[in-house]
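Residues per chain are reported as follows:
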Amino acid sequence: FMPITAGGGVRSLDTVKRLLRNGADKVAIGAAIYSHPDLVRECSSALGAQAIVAVIETQNGKVHQPGKDWPMLDPVDHAIHLEMSGAGEILLMSRDRDGTLEGYDLACIEQVARVVHIPLIAAGGAGLFGLGTAIMGPIIASLREVLGHFDEFSKASDRTGATTEDLSALAY
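Residues numbered from 1 in each chain as written. Predicted model: local features only at pLDDT ≥ 70, side-chain atom pairs only at ≥ 80, totals over all residues. Heavy atoms only, no water.

Enquirer: Would you mind going over the overall build of the chain with me for this structure?
Expert: Helix and strand counts for the chain come out as 6 helices and 7 strands. Taking all 172 residues of the chain together, the buried fraction comes to 42%. At a minimum sequence separation of 6, the contacts of the chain that also span at least 24 residues come to 62%. When the accessible surface of the chain is totalled, it reaches about 9,000 Å², and 52% of it is carbon and sulfur. (Helix = DSSP H or I, 4+ residues; strand = E, 2+ residues; numbered from the N terminus. Buried < 20%, exposed > 50% of the residue type's maximum accessible area, 1.4 Å probe, protein only. Contact = heavy atoms within 4.5 Å. Areas by Shrake-Rupley, 256 points an atom, 1.4 Å probe, with all protein chains shown as cover.)

Enquirer: Where do I start with the pairing of strand β3 (residues 52-59) in this structure?
Expert: On a regular strand, one side chain projects to one face of the sheet and the next to the other, so that they alternate. Across the 8 residues that make up β3, a large majority, 6, are buried. Pairing analysis gives 3 bridges linking strand β2 (residues 26-29) to β3, with the strands arranged parallel. From the neighbouring strand, Ala 28 faces β3, where its bridge partner is Val 53. Linking β3 to strand β4 (residues 62-63), which pair antiparallel, is a turn of 2 residues; within it Asn 60 sits at a positive phi near 55°. (Pairing = 2+ DSSP bridges.)

Enquirer: I keep staring at empty space enclosed by the protein and nothing clicks. Help me out?
Expert: Gaps between atoms show up when a probe of the same size as a water molecule is rolled over them. The full count for this structure, using the stated rule, is 2 cavities of 30 Å³ or more. If you go around the largest cavity, the residues you meet are Thr 58, Leu 92, Met 93, Ser 94, Asp 105, Cys 108, Ile 109 and Ala 123. Of all elements in the fold, only β5 (89-94) and α5 (106-115) reach the threshold of two or more residues within the lining of the largest cavity. The element best represented in the lining of the largest cavity is β5, accounting for 3 residues. Along the lines of polarity and charge, the residues of the lining of the largest cavity split into 5 nonpolar, 2 polar and 1 charged. (1 Å grid on protein atoms, 1.4 Å probe; cavity = no way out; pocket = protein on both sides within 12 Å on 5 of 7 lines; lining within 4 Å. Points joined across faces, edges and corners; volume = space filled by probe spheres on them. Nonpolar A, V, L, I, M, F, W, Y, C, P; charged D, E, K, R; others polar.)

Enquirer: Please clarify how the nonpolar core should be interpreted in this entry.
Expert: For soluble globular proteins, nonpolar side chains are generally found buried alongside one another. Core analysis: the largest hydrophobic core is formed by 31 residues, its most contacted members being Ile 29 and Val 112. Apart from residues lying up to four places away in sequence, Val 112 is in contact with Pro 75, Val 76, Ala 79, Leu 92 and Leu 120. The next biggest cluster of nonpolar side chains, apart from the first, holds 7 residues, and it includes Ala 28, Val 53, Met 93 and Ala 123. (Core = buried A, V, L, I, M, F, W, Y, C linked by side-chain atoms within 4.5 Å.)

Enquirer: Explain helix α4 (residues 75-85) to me, please; I cannot follow it from the model alone.
Expert: Because each turn of an α-helix spans 3.6 residues, side chains separated by three or four positions end up pointing in the same direction. Of the residues making up α4, those classed as buried are Pro 75, Val 76, His 78, Ala 79, Leu 82, Glu 83 and Ser 85. Where the residues of α4 are buried, they touch α2 (32-35), α3 (39-47), β3, β4, β5 and α5. If you check the start of α4, you find a side-chain oxygen 3.0 Å away from the backbone N of Val 76, and it comes from Asp 74. Residue Gly 86 follows α4 closely and has a positive phi angle near 115°. (Polar contact = N/O pair within 3.5 Å; in protein donor to acceptor, adjacent residues only side chain to side chain.)

Enquirer: I'm lost on α5 in this one. Help?
Expert: Among all positions in α5, only Cys 108, Ile 109 and Val 112 are buried. On an axial view of α5, the arc spanned by its buried residues comes to 100°, and they lie on one face. (Arc of directions from axis to C-beta.)

Enquirer: What's the story with the pattern of salt bridges in this structure? I'm lost.
Expert: Where side chains of opposite charge bring their charged atoms close, a pairing between them can arise. Applying the stated criterion to the full structure yields 2 salt bridges. Of the charged contacts, one joins Lys 26 and Glu 89 as a salt bridge, the two residues approaching to 2.2 Å between their closest N and O atoms. Here Glu 89 lies in strand β5 and Lys 26 lies in strand β2, a separation of 63 residues in the sequence. Considered together, Lys 26 and Glu 89 belong to a single accessibility category, that of buried residues. A salt bridge links Arg 95 to Glu 57; its shortest N-O distance comes to 2.8 Å. Of this pair, Arg 95 sits in the loop between β5 and α5 while Glu 57 sits in strand β3, placing them 38 residues apart in sequence. Judged by its relative accessible area of 37%, Arg 95 falls in the partly exposed class. (Salt bridge = Lys/Arg side-chain N within 4 Å of Asp/Glu carboxyl O.)

In structure tokens:
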């Protein structure tokens, strides 16, 4: 069994319900959190926290809010707010590191992991083997999809002896 989380363009409870009816196990809500601040609470109340993944994108150490001129939010405070609003999980993504293969923003992940009591998914910056396992204590998963797009995965495997089975510890 591999749970499916659907996301992208989620702006209403009706959309969340439709995605769940069509086979998603969970729904990720990102940009709409800022334009519809009660959406996480509304969806969680109607469908249960286990179905709601709140997405926090960070850039330059602050929460990145797409297309808006919002005051800069602190990722830790925002994570606490989203948990209190009913999010069942948080996907914490570093825009600064996404696609760089330089590793996760460990400082931000650790700060958020210390204050929330819901599962945390790390994204943005996945690199070679060892970078993800260093943070597996505070998180439930790390998104490492970038490794499938670059030859560095096979080069790393050749150097380290790592295999695709080694990803099982990092797969959600």
